[in-house]
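# Coordinates in review
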Amino acid sequence: MTSASAHVGQTLPEVATVVRSVIASRLPRACGGGRILVERDRGAFLVKCSLDGVPLLGGGDTAVEFRMDPADAEVWICDLRVAPSRRGRGIGRRLAQVVETAAYRLGARSVRLLPLHGTQAFWRALGYEPVDSPAHAHGKRVEPDTENGRNGG
Ligand SMILES: CC(C)(COP(=O)(O)OP(=O)(O)OC[C@H]1O[C@@H](n2cnc3c(N)ncnc32)[C@H](O)[C@@H]1OP(=O)(O)O)[C@@H](O)C(=O)NCCC(=O)NCCS
């Protein structure tokens, strides 16, 4: 049986508010130059966050893009990248945590992605493991945000 997803019925502004609040708590210093776009795309919410204030997912920026289908209790990370000059400082991990925390608060219970070639070790370090389907996908169950004692609400 498919469990009901709490983000059914949420609006674009509501999703954007949750994502902004999660970024403010997880990546406060990124907020100055960042851009967050939330769009409807074939019934799903498509969230695009750029943390460098440069064109979203253009070359060399630090950004994450994820998709939530209200019919599904699952979030897909479409893209996640850290500018080459900023890698190795935990920013990629924090970007993934932004998605996981926002996903949980919006009612999703797992995050999946197709790792780009050579990034499996990065995703494994973050707790993502191969899942049965689709082929080559990795996934992780999301839990309440326990940072600072919060419970994700
Ligand atoms: C993969 C990528 C996002 C990592 O970003 P980052 O900010 O350097 O990663 P972090 O510093 O947060 O690293 C988090 C953990 O992953 C590990 N890790 C990061 N990159 C790794 C790599 N290439 N291989 C193995 N482990 C890696 C780190 O050692 C760290 O583990 P630890 O906390 O246990 O020490 C970045 O290299 C990147 O943008 N690559 C190009 C785009 C890309 O391939 N994106 C993936 C889309 S699926």
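For the structure, check the block above.
In this report, the structure presented in the accompanying data block is examined.

## Points about the site of the ligand
Near the ligand there are 18 residues, and of these R87, G92, R93, A121 and A125 occur at the shortest range. Considered class by class, the residues forming the shell around the ligand number nine nonpolar, four polar and five charged.

## Let's talk about the pairing of strand β2 (residues 44-50)
Relative to β2, strand β1 (residues 35-41) is paired through seven bridges, and the arrangement is antiparallel. Its bridge partner lying in β2, V38 is registered against V47. From the end of β1 to the start of β2, which pair antiparallel, there are two residues, and R42 there has a positive phi angle of about 50°. Bridge analysis of β2 against strand β3 (residues 63-68) gives six bridges, and the strand direction is antiparallel.

## Let's talk about the nonpolar core
Grouped together as the largest cluster of nonpolar side chains are 31 residues, with contacts concentrated most on V19, V64, V99 and A103. Elements that contribute at least two residues to this core include exactly α1 (12-26), β2, β3, β4 (74-81), α2 (91-105) and β5 (110-113). Once residues lying within four places of it in the same chain are set aside, the contact partners of V64 are C49, I77, D79, L80, L95, V98 and V99.

## With respect to the pairing of β4
When β3 meets β4, the two strands line up antiparallel, connected through six bridges. Its bridge partner lying in β4, R67 is registered against W76. Note that β4 and β5 share four bridges and pair parallel. Looking across to β5, one finds that W76 is bridged to R112. For the crossover that starts at β4, traverses α2 and ends in the parallel β5, the hand is right-handed.

Conventions adopted
Residues numbered from 1 in each chain as written. Predicted model: local features only at pLDDT ≥ 70, side-chain atom pairs only at ≥ 80, totals over all residues. Near = placed C-beta within 6 Å. Nonpolar A, V, L, I, M, F, W, Y, C, P; charged D, E, K, R; others polar. Pairing = 2+ DSSP bridges. Helix = DSSP H or I, 4+ residues; strand = E, 2+ residues; numbered from the N terminus. Core = buried A, V, L, I, M, F, W, Y, C linked by C-beta atoms within 7 Å. Buried ≥ 20, exposed ≤ 12 C-beta atoms within 10 Å, placed from the backbone. Contact = placed C-beta atoms within 7 Å. Right-handed = clockwise from strand over helix to strand, strands pointing away.

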